[in-house]
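For reference, the chains in residue letters:
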Amino acid sequence: MISRTRLRAMARKEWIQLKRDPRSMILAFVLPLLLLVFFGYAITWDVEDLPLAVVDEDGTQVTRELTDVLQATGDFRIIHRPESRQVADQLLIRNSVRGVLVIPPGFTVRLQGGRAAEIQMLVDGSDANTATIALNTADAILGRFARNAVLQGRSANLPVRAEPRIWYNPTLESRNMIVPGLVAVIMSIIAAMLTALTIAREWERGTMEQLASTPVARVEVVLGKLLPYLLIGLFDVAVTVTAGMILFGTPLNGSVLELAVYTLLFLTGALGLGIFISAAVKSQVLATQIAMVATYLPAVLLSGFLFEITSMPAVLQGVTYLIPARYFITVTRGIFLKGVGVEVLWAQGLFMAAFAALGLGLATRVFRKELPS
Amino acid sequence: MAEPRPVVVEELTRRFGDFTAVDRVSFQVGRGEIFGFLGPNGAGKTTTIKMLTGLLEPTEGRGWVAGLDVHGQRREIRARIGYMSQRFSLYPDLTIRENIDLFGGLYGVAGTRLEARRRWILEMAELQGQEGSVTGTLPLGFKQRLALGTAIIHEPAILFLDEPTSGVDPVARRRFWDLIDGFSHRGVTVFVSTHYMEEAEYCHRLALMNRGRLIALDTPRRLREEEARIRGSDPSSAPPPSLEEVFISRVEREGGAVLG
Ligand SMILES: Nc1ncnc2c1ncn2[C@@H]1O[C@H](COP(=O)(O)OP(=O)(O)OP(=O)(O)O)[C@@H](O)[C@H]1O
Ligand SMILES: [Mg+2]
């Protein structure tokens, strides 16, 4: 039913047009790298001079030494010494400080008695990266402090531990989580922007009617338009993975092949949706805007890429189940970081296959008026 | 075995909501005929052509193109005809050769046949040696002939041209009609709509449309003779009315009838 000659003619034409359109070229090849660098580095600023509040509920010579050590490293700047945790919480909420160190009463006694001596570090988890680094840094400093204390014969061998109390983002996503998530975001952008640019153009220029007057079938038009973008999508995934490894050391623990298959599924659905939108509104500008709202924004905001789903309001959490990027990000993170495959991610795979089928169906249907059969 | 008539239309109707764009139109076109479609803006010419080229589903009535039903065999029809739309849209960002090859592929023309057809189109459009130029920068007259070439790359026996010469200079128009004449001599049926009266003279038969209805259908000569008779002028002394005059008075009479 599908003619290979016609399909090849469509795909070739689409590829040539893509190649000659600077906007598309930038979207396809430059934007992914820019995003990678932007998200990668924006989230990995070194923690230096982090404003800190210290609630010293113990108030001994030892705890004063400890805060001095913290201050002296240059990583933290103690700018407040509030009386109570409540006041400290307010400082954190108002963003006056980025972290609160709470030294509980009895800390010194426990330390000197050789028992586990814990302090608490409260950080604002909505800035996941800063929070992680703050915690790790504090942990390291306190560890050193404890070891010194041991060396000075002042305590037994149990270390001081920073016990994190984190707001908003309990898993603390680091940039390792960013790279796999970015794969999904980049795919959404490609799908939304590229299809909007090239498909609405067919109507704006009247070429759709000329196409429709040939015996080309709907499926051939849709598949012909899809193929070049699928290729670009795979290429972008390869680039993102490689760049992620080189720039950020993000490992790819799972199978490249599985990643490619899931990517193709996601991309097919997203492209189909893009085709549907741009064919329905028939204007490049409008199509780009709607596509942004319909695919790109959810991929960034509701997929778990930037904001932890479990900390969203219940209604929004429900909405995320309808966002294909949510499943795709679970898949990419699983494959990248945990090295798991279809044996764990089959449910996501099923959902994404359904999404791909829906996208293809919508895209094909939307040409019903123009292209019979 | 008799070949089916290229175009047969019976009471063909197309409505957009309450508005009737084409109202119970009936006619037949014979093989090798140049069939002209005339009418003021909005008369329903494009709508009729779209129904005959498989681009638009008729609301009512029946029609056959190359013996194929305009209701159920739209895709088959599209493979058998050539259609050049009012905007004759090629892809402006593709080169001349890429446009030719694209439509070749879409019509299933490949291999040595494609090569031969490509050579023929380039020669016909006088674009030899320019295959690599981007189509968007071509002068309109060249674009128009290239569009004609791509529309008939599969050598269809029936050709639908919707105002193919609009915006093209008179010399280019003249040459375009020489081409059409050539096709007709080789047995190709040409269905063409136009606004230019001097082009109407080249047609074997003319259909006059107004407000969705067919108000006259005859050869240019007989249309003129009839007009002269209606005016009551002596055919031997007074100059025969021009097609333009025929056209205007027909539409005016029709308009009066519709209003009255
Ligand atoms: N898709 C549509 N929806 C609603 N009305 C339409 C549609 N297509 C055409 N029409 C209307 O049908 C009427 C006939 O249009 P058509 O394009 O067939 O005229 P035409 O004779 O080709 O005119 P022109 O010489 O300007 O090309 C017009 O009034 C037009 O507005
Ligand atoms: Mg028209």
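Residues numbered from 1 in each chain as written. Chains lettered and ligands numbered in written order. Predicted model: local features only at pLDDT ≥ 70, side-chain atom pairs only at ≥ 80, totals over all residues. Heavy atoms only, no water.

1. Description of the side chain of Ser89 of chain B
Condition: Only DSSP runs of H or I with at least four residues qualify as helices, and only runs of E with at least two residues qualify as strands; both kinds are numbered from the N terminus onward. Exposed residues in this analysis have more than 50% of their type's maximum accessible area, buried residues have under 20%, and partly exposed residues fall in between, with area computed by a 1.4 Å probe over protein chains only. Any pair of N or O atoms that falls within 3.5 Å is considered a polar contact. Within protein, one atom must be able to donate a hydrogen and the other to accept it, and sequence-neighbouring residues count only if both atoms are side-chain atoms. By the convention used here, residues are in contact when the closest approach between their heavy atoms is within 4.5 Å.
With respect to the helices and strands, Ser89 of chain B occurs in the loop between strand 6 (81-84) and helix 3 (96-106). Taking relative accessible area as the criterion, Ser89 of chain B reaches 4% and is therefore assigned buried. From its side chain, Ser89 of chain B meets the backbone oxygen of Gly206 of chain A in a polar contact 3.2 Å long. The residues touching Ser89 of chain B, leaving out its near neighbours within four places in the chain, are Arg205, Gly206, Thr207 and Gln210 of chain A.

2. What to know about the packing of aromatic side chains
Residue and element names in this part refer to chain B. We count it as follows: The criterion for an aromatic pair is that two Phe, Tyr or Trp rings (for Trp, the six-membered ring) have centres within 6.5 Å, with stacked assigned to planes under 30 degrees apart, edge-to-face to planes over 60 apart and tilted to the rest.
With the rule as written, the count across this model stands at 13 aromatic pairs over all chains. Each ring, one from Phe35 and one from Phe191, has its centre 5.2 Å from the other, and the planes form 40°; the classification is tilted. Of the two residues, Phe35 sits in strand 3 (residues 34-38) while Phe191 sits in strand 8 (residues 189-193), which places them 156 residues apart along the sequence. Each member of the pair, Phe35 as well as Phe191, carries the same accessibility label: buried.

3. Some remarks on a nonpolar patch on the surface
Residues and elements named next belong to chain A. Worth spelling out the cut-off: Residues form patches when they are more than 30% accessible in relative terms and have no salt bridge. Like charges link within 9 Å. Nonpolar side chains (Val, Leu, Ile, Met, Phe, Trp, Tyr) link within 5 Å. Where accessible areas are quoted, they stem from the Shrake-Rupley method and a 1.4 Å probe; at the residue level, only the protein chains shown are allowed to cover. By definition here, a salt bridge exists when the distance from a side-chain nitrogen of Lys or Arg to a carboxyl oxygen of Asp or Glu is within 4 Å.
Taken together, the side chains of Val37, Met245, Ile246 and Leu247 make up a nonpolar region of the molecular surface, amounting to roughly 360 Å² of accessible area. For the nonpolar patch, the leading source of residues is helix 9 (residues 218-248), giving 3 residues. Tracing the chain through its elements places Met245 in helix 9. Classification of Met245 as partly exposed rests on a relative accessible area of 40%.

4. A word on the interface of chain B and chain A
Often, the extent of an interface is quoted as the loss of accessible area upon association of its parts. Selection criterion: As a working definition, buried area equals the accessible area (1.4 Å probe) given up by two parts on being put together, with both sides summed. We call Asp, Glu, Lys and Arg charged. Ala, Val, Leu, Ile, Met, Phe, Trp, Tyr, Cys and Pro are nonpolar, and the rest, Gly among them, are polar.
Between chain B and chain A, the residue contacts involve 28 residues of the former and 32 residues of the latter. In terms of surface lost to chain A, no three residues of chain B exceed Arg75, Tyr91 and Leu106 of chain B, which account for 27% of the buried area on that side. At the surface where chain B touches chain A, the tally comes to 3 salt bridges. A salt bridge links Asp93 of chain B to Arg205 of chain A; the shortest N-O distance between them is 3.4 Å. The interface formed by chain B and chain A includes 12 residue pairs in polar contact (both at pLDDT 80 or more). Those elements giving two or more residues to the side of chain B that touches chain A turn out to be helix 2 (74-80), strand 6 and helix 3 of chain B. Among the elements that make up the side of chain B that touches chain A, the one with the highest residue count is helix 3 of chain B (6 residues). When grouped by side-chain class, the residues that make up the side of chain B that touches chain A number 14 nonpolar, 6 polar and 8 charged.

5. Here's the deal with the pattern of salt bridges
In total, this model carries 29 salt bridges over all chains according to the counting rule given. Where Arg117 of chain B meets Glu155 of chain B, a salt bridge forms, and the shortest distance between an N and an O atom there is 3.8 Å. Note that Arg117 of chain B is positioned in helix 4 (residues 111-124) and Glu155 of chain B in the loop between helix 5 (140-151) and strand 7 (158-162), a separation of 38 residues in sequence. The class for Glu155 of chain B is partly exposed, based on a relative accessible area of 48%. In this structure, Glu225 of chain B and Arg221 of chain B form a salt bridge, with 3.2 Å as the shortest nitrogen-oxygen distance. Of the two residues, Glu225 of chain B and Arg221 of chain B are both situated in helix 8 (residues 220-231); the distance of 4 residues between them amounts to about one turn of the helix. Overlapping salt bridges bring together Lys13, Glu14, Glu202 and Lys225 of chain A as one network.

Purely geometric numbers; function is a separate question.
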